[in-house]
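Spelled out, the chains give:
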Amino acid sequence: SHYQLARLLKDNGRLSDAIPHYQISIQSNPQYLFPRLELGMVEINSGQFDQAIENLEYALTLQSGNKNPAVEASIYYGLSAAYANKKELQKALSYANQAVDILPSYQPAQEIRQRLLEAQSTAIIP
């Protein structure tokens, strides 16, 4: 029930209200990956990049048994976004590439990958 409430709050733009409900959902069922995935995405949007990475990496370990390409690509996309926001562009690009490799039609992953490639090509090398 907390997971569903968190999703409703998130969908209504109430990200800070959604976070505790995602956390309660995770505590009640640590093996259910969707609250971790969605919490990670909310944390990125809230500027909590290290927490997002922690949740997304854990979601990735939970995903390893299911092999759902859309979910796996979403996790890699989230990791890419978190690392891009931390200015770790090489790591971000690596995760974006993995997302696109898994699901080539995933538009957000294609877009972040393109922006990272452009940032990389315009970077001034000392």
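Definitions and limits used
Position numbers for residues start from 1 in each chain and track the written sequence from start to end. Where local features are concerned, this predicted model is filtered to residues with pLDDT of at least 70; where side-chain atom pairs are given and counted, the filter is 80 or more; whole-chain, interface and lining totals use all residues. Processing note: side-chain calculations cover all non-hydrogen atoms of the structure and skip hydrogens and water entirely. Put simply, two rings from Phe, Tyr or Trp (the six-membered ring, in Trp's case) pair if the centres are within 6.5 Å, and we call them stacked under 30 degrees between planes, edge-to-face over 60, tilted for the rest. Here a helix means four or more residues in a row that DSSP labels H or I, a strand means two or more in a row labelled E, and each is numbered from the N terminus. Relative accessibility decides the category of a residue: with a 1.4 Å probe and only protein chains considered, values under 20% of the type maximum give buried, values over 50% give exposed, and everything between is partly exposed. Expected span of a helix, by definition, is 1.5 Å for each gap between consecutive residues, and there is one gap fewer than residues. Pairs of N or O atoms are called polar contacts if they sit within 3.5 Å, as long as, within protein, a hydrogen donor faces a hydrogen acceptor (for residues adjacent in sequence, only side-chain-to-side-chain pairs). For this document, the term salt bridge refers to a Lys or Arg side-chain nitrogen within 4 Å of an Asp or Glu carboxyl oxygen.

Student: For the packing of aromatic side chains, give the residues involved together with the corresponding values.
Tutor: All chains considered together, the criterion is met by six aromatic pairs. Aromatic side chains Tyr76 and Tyr95 sit 5.9 Å apart centroid to centroid with 25 degrees between the ring planes, which places their arrangement in the stacked category. Placement of the pair is Tyr76 in helix α5 (residues 69-85) and Tyr95 in helix α6 (residues 89-102), with a sequence separation of 19 residues. Each member of the pair Tyr76 and Tyr95 is classed as buried. For the pair Tyr83 and Tyr95, a centre-to-centre distance of 5.7 Å together with 15 degrees between the ring planes defines the contact as stacked. With Tyr83 in helix α5 and Tyr95 in helix α6, this pair connects stretches of sequence that are twelve residues apart. Take Tyr83 and Tyr95: they sit in the same class, and that class is buried. By the ring-pair criterion, three or more aromatic residues cluster together here, those being Tyr3, Tyr22, Tyr32 and Phe34.

Student: Before we move on, can you summarise α5 with the specific residues and values?
Tutor: End to end, α5 covers 24 Å across 17 residues, agreeing with the expected 24 Å (1.5 Å per residue, within 8%). Judged by how many residues are buried, α5 sits mostly within the fold: 13 of 17 residues are covered. Two or three places before Ala70, at the opening of α5, Asn68 has a side-chain oxygen 3.1 Å from that residue's backbone nitrogen. Directly after α5, the chain includes Lys87, whose backbone phi takes a positive value near 65 degrees.

Student: Break down the pattern of salt bridges for me, citing the residues and quoting the values.
Tutor: For the structure on display, the rule yields five salt bridges. One salt bridge in this structure joins Arg7 and Glu38, with 3.5 Å as the shortest N-O distance. Taken together, the residues span a long stretch of sequence, with Arg7 in helix α1 (residues 2-11) and Glu38 in helix α3 (residues 33-45) at a distance of 31 residues. For Arg7, a relative accessible area of 32% translates into the label partly exposed. Among the residues examined, Glu38 registers a relative accessible area of 13% and is labelled buried. Of the charged contacts, one joins Lys86 and Asp50 as a salt bridge, the two residues approaching to 2.4 Å between their closest N and O atoms. Placement of the pair is Lys86 in the loop between α5 and α6 and Asp50 in helix α4 (residues 49-63), with a sequence separation of 36 residues.

Student: An account of the environment of Asn12 is requested, with residue identities and associated values reported.
Tutor: Inspection of the secondary structure assignment puts Asn12 in the loop between α1 and α2 (15-28). In terms of polar contacts, Asn12 uses its side chain to reach the backbone carbonyl oxygen of Leu8, at 2.8 Å.

Functional significance is not addressed by these values, which are geometric in nature.
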